[in-house]
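# Commentary on secondary and tertiary structure
Chain residues, written in single-letter form:
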Amino acid sequence: MTQERRDAPSAARSLVRTTDEDAVRLVVLERPEARNAFDKALYLELSGALAAAAADPAVHVVVLTGSGGSFSAGQDLKEMAALVTGENADPEAAKGFRGLMDALCAFDKPLVAAVNGVGVGLGFTILAHCDLVLVAEDARLKVPFAELGVPAEAASSVLFPIRMGWQRAAEVLLTGKWVGAQEAVDAGIALRACPADALVGEAMALAKQIAGHPPDAVRAIKRLMMATQAPLVAAAREREDAAFAELLGSAANSAALDRFGETGRLS
Amino acid sequence: MTQERRDAPSAARSLVRTTDEDAVRLVVLERPEARNAFDKALYLELSGALAAAAADPAVHVVVLTGSGGSFSAGQDLKEMAALVTGENADPEAAKGFRGLMDALCAFDKPLVAAVNGVGVGLGFTILAHCDLVLVAEDARLKVPFAELGVPAEAASSVLFPIRMGWQRAAEVLLTGKWVGAQEAVDAGIALRACPADALVGEAMALAKQIAGHPPDAVRAIKRLMMATQAPLVAAAREREDAAFAELLGSAANSAALDRFGETGRLS
Amino acid sequence: MTQERRDAPSAARSLVRTTDEDAVRLVVLERPEARNAFDKALYLELSGALAAAAADPAVHVVVLTGSGGSFSAGQDLKEMAALVTGENADPEAAKGFRGLMDALCAFDKPLVAAVNGVGVGLGFTILAHCDLVLVAEDARLKVPFAELGVPAEAASSVLFPIRMGWQRAAEVLLTGKWVGAQEAVDAGIALRACPADALVGEAMALAKQIAGHPPDAVRAIKRLMMATQAPLVAAAREREDAAFAELLGSAANSAALDRFGETGRLS
């Protein structure tokens, strides 16, 4: 039994599509023309979709994936540049990121990621907030924070070392290297790699296996797992936000954003 | 030089057999007719055996194993069912589990596990309290909490993510899947897999290697290692106990126990 | 562009040689006649070199290695023996170790280790304070604390379990076994193994890659990563120091030091 719907807050085009199947809600990021980069609208829609899934007793497990061959390009750099230059900047834009972080930190049902393609920045760091991560064999992950002149975000400064070990976390965060699917599995940030065409099916099957257990017990287990790391994550977010406020708009950050604006590339 | 004895609190049959050899105490669970499941008596005897080993200066290291082809089936589900239905329930039964947890959390000498067969529930989660775990190549491990409608226990909600990484811990705790010996090693909950007939010998050899070092230094190292995780474990136990009190006897839990009572199987 | 210099506090022979190249400072331990064991002078010089690198805006990343085929033999056991017997003991000697720990805990730029040979004691535990560790394929690591009758040091009681997992940390700390290069990588305490003759070159290349990013962002990332573990490390150091004070000079420790004084070997 499949139900499809769109969580559109208004008549505007929806950027998140959801489908329910056997107590599993599939949430698809649908901004393929920007490789599912998070602008303010996508932040708000995904936050709303998570809150709705948490509140709906018919949803036991959520699967998150991207449309159009990308998982997510992370923070929309045009919006970041607008924040820095003040041109066309939305003073509310930073709330989008914080709201999604709040939604992820409050989400107490199992969250499965099906990483269907490139994940950059938040498209990588969000995986540290997911319980079970399946990656397509051709997916690649990267955080460009250092080259962008900004600090780590989304609590990755604490969660990447915990998930991947200090050595790999330091390499990923400090060099900005690309991480392939098998490397993500070896590092412990993903559970296993799947052929691209089987990815969402395998993620749904895993989610349904969990969704078949009594939901109160499943939710209690997820809550108990989160409880230990919650204060670490909260403290890391505060430190990261303070460091971000300090470095956003620095000479190095502005130069990197200009370069991106001109070439569409960071380096 | 080998000394064998039984820590019997009374004239009743002893469920734990101990043997001393070169400053290593081998502790064997001996309730093979119930696959070494923990009923109140076994909880009390193992707790007592650990306390005795901690207090005995001639014991430097303890090795824990099971008899009769199983390591441990975990909590005796007949006793859990009696707690739920109130039939033949021993109001003191819950103290058995808590007492064993207290004994494990206080045990400040190296604890080696030789997992000689199936470990289910506490028979799996107890391994996160052991320092060095050797598993027989044909051993299998599983926690059936979710399907039983109960939360994680024995501080596994914090120790499984720490020992195995979030991804594998989430898979184990949320799906209830079977984990093989090599997978347990790859996950980091076990040090290595051994042929079944060499298992206890290898565990004893490893224990004797440690027992040959100055015991005060060995004990200091174990205490220092425990100190960081002790408050995390204590907090997790409290949260888990509260969640357990809430879910024990729920409709889902009662149905699972009934099914087990009728079929001898959980699923 | 390469600049070489020696951080000599006085006219005495310098035990640390530094070379700058593309915003990377290479720091070489130069006490090869004692396999780069840490006596008071080397503790002070390395602490000073780290403080100088932290303060110098032209240095973005530091690479640490040893000269003469060893990485470091750790604490100079002749100085430890002098502390125990009181013969020729320098009452200030313990400050050397603490000062180096303080310098490592305060060092907020990326620290890369090129482990060019044997690392024993602090020559192993110091790696848990490095962000990226490359090991020569023939390097070997070991902590002889248990056999020496002393507790774990340099916060290894907390950092070894975090870096290597509990099982491997317990084996390393409790048995004192030798760990080979590939095993160090598998355990997660090192990033990768390199042919000995390529080691420093690869470490420098990795460091330069990081040093090419905006240094304020790089430093912010390192600081954010350290922030979570800093209180754990500080608490572990206090506990370890207290345990060390208790066990230093014990009968077992004195006997081990005497054996070492007579044979040049611990076991």
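Residues numbered from 1 in each chain as written. Chains lettered and ligands numbered in written order. Predicted model: local features only at pLDDT ≥ 70, side-chain atom pairs only at ≥ 80, totals over all residues.

### Regarding the overall build of chain A
As a reminder, the rule being used: Comment: elements are numbered from the N terminus, with helices defined as DSSP H or I runs of at least four residues and strands as E runs of at least two. Just to be clear, the radius of gyration here is over C-alpha atoms, and the globule rule we use is 2.2 Å times residues to the power 0.38. With C-beta atoms placed from the backbone, a residue is buried if 20 or more other C-beta atoms are within 10 Å of its own, exposed if 12 or fewer are, and partly exposed between those counts. Contact criterion: two residues are in contact if their C-beta atoms, reconstructed from the backbone, are within 7 Å.
Check the secondary structure of chain A and you find 11 helices and 11 strands. Its C-alpha radius of gyration of 18 Å places chain A within 12% of the 18 Å reference for a compact globule of 267 residues. When its C-alpha atoms are laid out on the principal axes, chain A stretches across 55 × 45 × 35 Å. When each of the 267 residues of chain A is scored for burial, the buried share is 55%. Long-range contacts, defined as pairs at least 24 residues apart, comprise 73% of the intrachain contacts of chain A with a sequence gap of at least 6.

### Considering the interface of chain C and chain A
Worth spelling out the cut-off: Ten residues, namely Ala, Val, Leu, Ile, Met, Phe, Trp, Tyr, Cys and Pro, are considered nonpolar, four, namely Asp, Glu, Lys and Arg, are considered charged, and the remaining ones, Gly among them, are considered polar.
On the chain A side, the residues contacting the 21 residues of chain C number 26 residues. When residues of the side of chain C that touches chain A are traced back to their parent elements, those giving at least two are strand S8 (132-136), helix H9 (199-211) and helix H10 (215-247) of chain C. Among the elements that take part in the side of chain C that touches chain A, H10 of chain C stands out by supplying nine residues, more than any other. Split into classes, the residues belonging to the side of chain C that touches chain A amount to 14 nonpolar, four polar and three charged.

### Quick look at helix H6 (residues 156-164) of chain C
Of all nine residues in H6 of chain C, nine are buried; the element is thus mostly enclosed. Residues of H6 of chain C that are buried include every one of Ser156, Ser157, Val158, Leu159, Phe160, Pro161, Ile162, Arg163 and Met164 of chain C, and no others. Along its buried surface, H6 of chain C packs onto helix H7 (166-175) of chain A, helix H10 (215-247) of chain B together with helix H4 (122-125), helix H7 (166-175), helix H8 (181-187) and H10 of chain C. The first or second residue beyond H6 of chain C is glycine 165 of chain C, which carries a positive phi of 85°.

### Quick notes on the packing of H6 of chain C against H7 of chain C
Residues and elements named next belong to chain C. Keep this limit in mind: Helix axes are fitted only over the stretch in contact, all axes being lines through C-alpha atoms; the angle between N-to-C directions runs from 0 to 180 degrees. Roughly parallel means an angle under 35 degrees; roughly antiparallel, over 145; roughly perpendicular, 65 to 115; everything else is oblique. Rotating anticlockwise by less than a right angle from the far helix to the near helix defines a left-handed crossing, while the corresponding clockwise rotation defines a right-handed one.
At a closest axis distance of 7 Å, the pairing of H6 and H7 adopts a crossing angle of 135°. Between H6 and H7, the angle falls in the class oblique. In the packing of H6 onto H7, the handedness of the crossing is right-handed. Side by side, H6 and H7 meet where Ser156, Phe160, Pro161 and Met164 of the first sit next to Trp166, Arg168, Ala169, Val172 and Leu173 of the second. Across the contact of H6 with H7, the residue classes tally to seven nonpolar, one polar and one charged.

### Brief notes about the interface of chain B and chain C
Contacts between the two partners involve 21 residues from chain B and, on the opposite side, 26 residues from chain C. Broken down by secondary-structure element, the contributors of at least two residues to the side of chain B that touches chain C are strand S8 (132-136), helix H9 (199-211) and H10 of chain B. Taken together, the residues of the side of chain B that touches chain C break down into 14 nonpolar, four polar and three charged.

### A few points about the pairing of strand S4 (residues 61-66) of chain C
Residue and element names in this part refer to chain C. What counts, and what does not: What makes two strands pair is DSSP finding at least two bridges between them. Handedness is read with the strands pointing away from the viewer; a crossover is right-handed when the path from the first strand over the helix to the second is clockwise.
The element S4 is extensively covered by neighbouring structure, given that six of its six residues are classed as buried. Burial of the side chains of S4 extends over both faces: Val61, Val63 and Thr65 are buried on one face and Val62, Leu64 and Gly66 on the other. Here strand S3 (residues 24-29) pairs with S4 via six bridges, running parallel. Paired with valine 28 across the two strands is threonine 65, which belongs to S4. Following the backbone out of S3, through helix H1 (residues 40-55) and into the adjacent parallel S4, one traces a crossover that is right-handed.

### Regarding the sheet that holds strand S7 (residues 118-120) of chain A
Residue and element names in this part refer to chain A. Taken in spatial order, the four strands of this open sheet run S5-S7-S9-S10, and their pairing is mixed. The two strands at the open ends of the sheet, each matched to only one other strand, are strand S5 (70-72) and strand S10 (179-180). Where S5 meets S7, two bridges bridge the pair, whose relative direction is parallel. Bridge pairing in S7 places serine 70 opposite valine 118.

### Some thoughts on the relation of the copies chain C and chain A
The condition is simple: When the copies are superposed, the least-squares fit draws on C-alpha atoms of residues that have pLDDT of at least 70 in both.
Taken as rigid bodies, chain C and chain A are interconverted by a rotation of 120° and an axial shift of 0.0 Å, the fit giving an RMSD of 0.0 Å. Taken together, the turn and the small shift mark the pair as related by a three-fold rotation axis. Measuring from the rotation axis to each C-alpha of chain C, the shortest distance belongs to isoleucine 162 of chain C, at 4.7 Å.

### With respect to the nonpolar core
The following threshold applies: Under the definition applied here, buried Ala, Val, Leu, Ile, Met, Phe, Trp, Tyr and Cys residues are grouped into a nonpolar core through C-beta atoms within 7 Å.
Counting 287 residues, the largest nonpolar core has Val112 of chain A together with Val112 of chain B as the members making the most contacts within it. Once residues within four sequence positions are removed from consideration, valine 112 of chain A is found in contact with Val61, Val62, Val63, Cys130, Asp131, Leu132, Ala203, Leu206 and Ala207 of chain A.

### Comments concerning helix H11 (residues 251-263) of chain C
To keep things clear, this is the line we draw: Working rule for helices: expected span equals 1.5 Å times residues minus one.
With 13 residues, H11 of chain C should reach 18 Å at 1.5 Å per residue; the first-to-last C-alpha distance of 18 Å fits that figure. Buried residues belonging to H11 of chain C abut helix H2 (77-85), helix H5 (145-148) and H10 of chain C.

### Some words on the packing of H10 of chain B against H10 of chain C
Contact pair H10 of chain B / H10 of chain C: the axes reach a minimum separation of 10 Å and the direction vectors enclose 165°. Overall, the two elements H10 of chain B and H10 of chain C adopt an arrangement that is roughly antiparallel. Where H10 of chain B crosses over H10 of chain C, the handedness of that crossing is right-handed. Of the residues in H10 of chain C, those in contact with Asp216, Ala217, Ala220, Leu224, Ala227 and Thr228 of chain B of H10 of chain B are Leu232, Ala236, Arg239, Glu240, Ala243 and Leu247 of chain C. Here the residues of the contact of H10 of chain B with H10 of chain C are counted per class, giving eight nonpolar, one polar and three charged.

### Topic: the confidence of the model for chain A
Condition: Predictor confidence is given residue by residue as pLDDT, running from a minimum of 0 to a maximum of 100.
Per-residue confidence for chain A gives a mean pLDDT of 93, with 94% of residues at or over 70. Scored as a complex, the prediction yields pTM 0.95 and ipTM 0.94.

### Considering the pairing of S3 of chain C
Residue and element names in this part refer to chain C. Burial analysis of S3 places six of its six residues in the buried class, which makes it a mostly covered element. By the alternation rule, side chains of S3 split into Val24, Leu26 and Val28 and Arg25, Val27 and Leu29, which are all buried. When strand S2 (residues 16-21) meets S3, the two strands line up antiparallel, connected through six bridges. Residue pairing across strands places valine 16 opposite leucine 29, the latter belonging to S3.

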